[in-house]
Amino acid sequence: MPATPVTTAASARAHARAVVHSRWDPSARPAREEDVIDLLLVVSELVTNALRHGGGLAGFEATPVPDGIRVAVRDHSDVVPTAAFGPHSPPAGHRTGGYGWPLVVRLAREIDIDEHPAGGKTISVFLPIRDLDRPA
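Keep in mind that what you see is a predicted model, and the values were worked out from it rather than measured. As a convention, each chain's residues are numbered from 1 in the sequence order in which they are written. In view of the model being predicted, local features appear only for residues whose pLDDT reaches at least 70, and side-chain atom pairs are presented and counted only at 80 or more, with totals across whole chains, interfaces and linings using the full set of residues. The basis for every side-chain value is the complete set of non-hydrogen atoms in the structure, without hydrogens or water.

J.: Summarise the packing of aromatic side chains; cite the residues concerned and give the values.
T.: When the centres of two rings from Phe, Tyr and Trp lie within 6.5 Å, Trp using its six-membered ring, the rings pair. Their planes under 30 degrees apart give stacked, over 60 give edge-to-face, and anything left gives tilted. According to the stated counting rule, one finds zero aromatic pairs in the structure shown. The criterion is that NZ of a Lys, or CZ of an Arg, lies within 6 Å of the ring centre and within 35 degrees of the ring normal, and then a charge sits over that ring. Directly above the ring of Trp 24 sits Arg 23, whose terminal nitrogen or CZ lies 5.0 Å from the centroid.

What follows is the structure, encoded as structure tokens:
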């Protein structure tokens with residue numbers, strides 16, 4: 001649980017960056033910046049989607065694991081992103097959203113969407129974080 005509640009995309013990004021720094025010490029064993037940027041983009045998109053389309057943010061977690069970060073974003077909506085079912089799910093000619101969900105799908109791994117019986121859903125993703133390669 002973050003010390004400061006995560007209520008915005010900015011606070012979610014700050015928390016995710018702090019989690020990275022707790023696992024990949026910037027002075028001793030830094031993470032690759034491009035991996036951190038991917039993480040922050042995905043966190044921004046998931047939290048923004050929860051706020052704009054999901055009835056509000058109901059929970060946020062960023063958990064370090066040996067090879068990356070697992071992110072879980074919970075919202076109040078039962079609506080699952082249309083694109084989650086594949087490229088042919090929207091009716092022809094209908095625009096179903098912006099760039100956010102395709103960006104999440106492109107950058108994240110192990111995307112899971114869990115619908116809750118009492119309402120709402122949690123979107124969980126894994127983002128790999130690699131150590132910065134240092135010259136010997």
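Further notes follow.
J.: Run through the pattern of salt bridges, naming residues and quoting values.
T.: Note on definitions: salt bridges are taken to be side-chain nitrogens of Lys or Arg within 4 Å of carboxyl oxygens of Asp or Glu. On inspection of all chains with the given rule, the structure shows six salt bridges. The salt bridge partner of Arg 29 is Asp 131, with a shortest N-O separation of 3.0 Å. Pair noted here: Arg 29 is in the loop between helix H1 (9-23) and helix H2 (33-53) and Asp 131 is in the segment after strand E4 (121-128), with a separation of 102 residues, a long-range link. The salt bridge partner of Glu 110 is Arg 70, with a shortest N-O separation of 2.8 Å. Of the two residues, Glu 110 sits in strand E3 (residues 109-115) while Arg 70 sits in strand E2 (residues 68-75), which places them 40 residues apart along the sequence. Working definition: with a 1.4 Å probe on protein chains only, accessible area under 20% of the residue-type maximum means buried, over 50% means exposed, and in between means partly exposed. With relative accessibility at 37%, the residue Arg 70 sits in the partly exposed group. Each helix is a run of DSSP H or I of at least 4 residues and each strand a run of E of at least 2, with the numbering of both proceeding from the N terminus.

J.: Could you give an account of unusual backbone geometry, naming the residues involved and the relevant values?
T.: Notably, Glu 110 is not glycine yet its phi reads approximately 50°, a positive angle. Owing to a relative accessible area of 47%, Glu 110 belongs among the partly exposed residues under this scheme.

J.: Please set out the nonpolar core residue by residue, giving values where relevant.
T.: Here, nonpolar core refers to any group of buried Ala, Val, Leu, Ile, Met, Phe, Trp, Tyr and Cys residues whose side-chain atoms link them within 4.5 Å. One finds Leu 39, Leu 46, Phe 60, Ile 69, Val 71 and Val 125 to be the most contacted residues of the largest nonpolar core, which totals 30 residues. Among the elements of the structure, H1, H2, strand E1 (57-65), E2, helix H3 (100-107) and E4 are those that each provide at least two residues to this core. A per-element tally of this core places H2 first, with eight residues. In what follows, a contact means two residues having at least one pair of non-hydrogen atoms within 4.5 Å. Leu 46 has contacts with Val 71, Val 73, Trp 101, Val 104, Ile 123 and Val 125, leaving out every residue within four places of it along the chain.

J.: Describe the packing of H1 against H2, naming the residues involved and giving the relevant values.
T.: At a minimum axis separation of 9 Å, H1 and H2 run at an interaxial angle of 145°. As for how H1 packs across H2, the hand of that crossing is right-handed. Contacts from Ala 9, Ala 12, Arg 13, Ala 16, Arg 17 and Val 20 in H1 reach Glu 33, Val 36, Leu 39, Leu 40, Val 43, Ser 44, Val 47, Thr 48 and Leu 51 in H2. In the contact of H1 with H2, the residues fall into ten nonpolar, two polar and three charged. Axis definition: a line fit to C-alpha positions, over the contact stretch in the case of helices; interaxial angles, taken between N-to-C directions, run 0 to 180 degrees. Two helices crossing with the near one rotated counterclockwise from the far one by less than a right angle form a left-handed crossing, whereas a clockwise rotation gives a right-handed crossing. For this scheme, ten residues count as nonpolar: Ala, Val, Leu, Ile, Met, Phe, Trp, Tyr, Cys and Pro. Four count as charged, namely Asp, Glu, Lys and Arg, and the remainder, Gly too, count as polar.

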